[in-house]
Amino acid sequence: MARRYGSLGRYVAVFALGLSVSLINISGPLLPQLNIINPLTWVGGTLGNDLKELAKNHQYRIQVLSSDPLMIYLDEFIHPREAKYLIELGEAKFGPSKVYTNPDEKDWPSPSYRTSDSSVLSSRDPIVSIIRDRAYFVLGFLPHVGVEAFQLVRYHDGDLFGMHHDWFREALPDGKTGKSYNRLASFFVYLQADCEAGATYFPHLPPPPAEMMGDSEGGSERYQTTQNGTGLAVMPRLGSGLFWQNLHPNGTGDERTLHAGLPITKGTKIGMNIWIKGRIEG
Ligand SMILES: O=C(O)CCC(=O)C(=O)O
Ligand SMILES: [Fe+2]
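Analysis parameters
- Residues numbered from 1 in each chain as written.
- Chains lettered and ligands numbered in written order.
- Predicted model: local features only at pLDDT ≥ 70, side-chain atom pairs only at ≥ 80, totals over all residues.
- Heavy atoms only, no water.
- Helix = DSSP H or I, 4+ residues; strand = E, 2+ residues; numbered from the N terminus.
- Buried < 20%, exposed > 50% of the residue type's maximum accessible area, 1.4 Å probe, protein only.
- Contact = heavy atoms within 4.5 Å.
- Areas by Shrake-Rupley, 256 points an atom, 1.4 Å probe, with all protein chains shown as cover.
- Donors = N, O, S within 2.8 Å, 3.2 Å for Na, K, Ca; no water.
- Pairing = 2+ DSSP bridges.
- Near = heavy atom within 4 Å.
- Polar contact = N/O pair within 3.5 Å; in protein donor to acceptor, adjacent residues only side chain to side chain.
- 1 Å grid on protein atoms, 1.4 Å probe; cavity = no way out; pocket = protein on both sides within 12 Å on 5 of 7 lines; lining within 4 Å.
- Sits in = over half its atoms within 2 Å of the grid points.
- Nonpolar A, V, L, I, M, F, W, Y, C, P; charged D, E, K, R; others polar.
- Arc of directions from axis to C-beta.
- Points joined across faces, edges and corners; volume = space filled by probe spheres on them.

Student: Describe the overall build of the protein, and please don't skip the residues or the numbers.
Tutor: Counting its secondary structure elements, the protein contains six helices and 15 strands. Here the protein, with 282 residues, has 41% of them falling under the buried criterion. Summarising the internal contacts of the protein: among those between residues at least 6 apart in sequence, 77% fall at separations of at least 24. With an accessible surface of roughly 15800 Å², the protein has 60% of that area assigned to carbon and sulfur atoms.

Below, the structure written as structure tokens:
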């Protein structure tokens, strides 16, 4: 008996050795597909968690630029690493930006009115989701019913987006609920600002007061006005941007939120829109 078990043991040992040799043989070519044991994937995963931690703990500052309409400067709202990540997320999906035609703007759209490219980001992405929560925190007590998918907009040399409102003349049906909504508020944040000019310009907003322009915080790097001192021009700065309210409390669009992305004269500017949905009764 003992000898029979002994020889069986030898068979098992030889079989096990053969199996492990064949595993060694196949593990080479298969390695890149096996996420758990591929060291490169593992390092990538670690970096992802690291970015999530960074995103969850990110701090920013705010500054009120106007109370009516509500306009808030978001100082370093997005970390440069988050910005890089979001651009990479949208990179492959850029296509010519669309323009919604409003009935009262008769000569829309002309090809030179909006020359940028746009890309919609996946709402399921974990970093997008952390930033969405950050935006919701800013909204605080403002009643809202959701957020559109984040939209990147990219400008190269000479590109622009002419004067427009972010709100719609006619409320839109919400894809999920079918109920009408309009864009209650907008976040517009610069994810890349390697450009000259290209301010976001609001002709009906108050210009920055002179004392803010020369302040120790570098006010003039953030905001400017036109030569004749009308309107507010917010300069592209990586990670910073604006939050403003588009609708009056009764749900109608605020005409004073008219704005444009002025042409950039050199380089690349990438911004990200986060549009907040407000419920429209009826
Ligand atoms: O590019 C800008 O500065 C503004 C962009 C904008 O207003 C928009 O995408 O709705
Ligand atoms: Fe806009």
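This is not the end of the story, as more comes after the structure.
Student: Run through the coordination of the iron ion (ligand 2), naming residues and quoting values.
Tutor: Donor atoms from the polypeptide that bind the iron ion (ligand 2) are His164 (NE2), Asp166 (OD) and His259 (NE2), placed at 2.1 to 2.2 Å. Every donor residue of the iron ion (ligand 2) comes from the same chain, spaced as H-x1-D-x92-H. A residue pair is termed long-range when its members are at least 10 positions apart, and histidine 164 in strand β7 (residues 161–164) and histidine 259 in strand β14 (residues 259–261) qualify at 95 residues.

Student: Please set out the pairing of strand β13 (residues 241–245) residue by residue, giving values where relevant.
Tutor: With five of five residues buried, β13 is to be regarded as a mostly interior element. Residues of β13 alternate between two faces, with Gly241, Phe243 and Gln245 on one and Leu242 and Trp244 on the opposite face, all of them buried. Both strand β2 (residues 70–75) and β13 contribute to a ladder of four bridges, which runs antiparallel. Each residue of the ladder has a partner; that of methionine 71, found in β13, is tryptophan 244. With five bridges joining them, strand β9 (residues 180–197) and β13 adopt antiparallel strand pairing. Bridge pairing in β13 links phenylalanine 187 to phenylalanine 243.

Student: Hey, could you go over the pairing of strand β4 (residues 117–120) for me, with residue numbers and the actual values?
Tutor: As paired elements, strand β3 (residues 95–96) and β4 share two bridges and run antiparallel to each other. Within the sheet, the bridge partner assigned to glycine 95 lies in β4 and is serine 118. Strand direction decides the pairing type here: β4 and strand β6 (residues 151–156), joined by four bridges, are antiparallel. When the sheet's bridge partners are listed, aspartate 117 is paired in β6 with arginine 154.

Student: Provide a residue-level description of the site of ligand 1, including the pertinent values.
Tutor: Close to ligand 1 lie Arg114, Tyr155, Phe161, His164, Asp166, Phe188, Thr200, His259, Gly261, Lys269, Asn273 and Trp275, which account for all nearby residues. The separation between an oxygen atom of ligand 1 and a polar side-chain atom of threonine 200 is 2.5 Å. Protein chains bury 99% of the 290 Å² of accessible surface belonging to ligand 1 in isolation. Judged by the proximity of its atoms to the pocket grid, ligand 1 belongs to the largest pocket. Taken together, the elements giving at least two residues each to the shell around ligand 1 come down to β7, β14 and β15 (264–279). No other element matches the three residues that β15 contributes to the shell around ligand 1. Broken down by class, the residue content of the shell around ligand 1 amounts to four nonpolar, five polar and three charged.

Student: Give a detailed account of helix α3 (residues 80–90), specifying residues and quantitative values.
Tutor: Where α3 is concerned, the buried positions are Glu82, Ala83, Leu86, Ile87 and Gly90. Angular distribution of buried residues about the axis of α3 spans 135°; they occupy a single face of the element.

Student: With reference to specific residues and values, describe the layout of surface pockets.
Tutor: Approximately 520 Å³ is the volume attributed to the largest pocket. If you list the elements that add at least two residues to the lining of the largest pocket, you get β3, β4, β6, β7, β9, β14 and β15. The residue makeup of the lining of the largest pocket, split by class, is 16 nonpolar, 12 polar and six charged. Empty space within the second largest pocket amounts to approximately 260 Å³. Along the wall of the second largest pocket there are 15 residues; nearest its centre are Pro143, Leu184, Pro249, Gly278 and Arg279. Residues belonging to the lining of the second largest pocket are distributed by class as follows: seven nonpolar, six polar and two charged.

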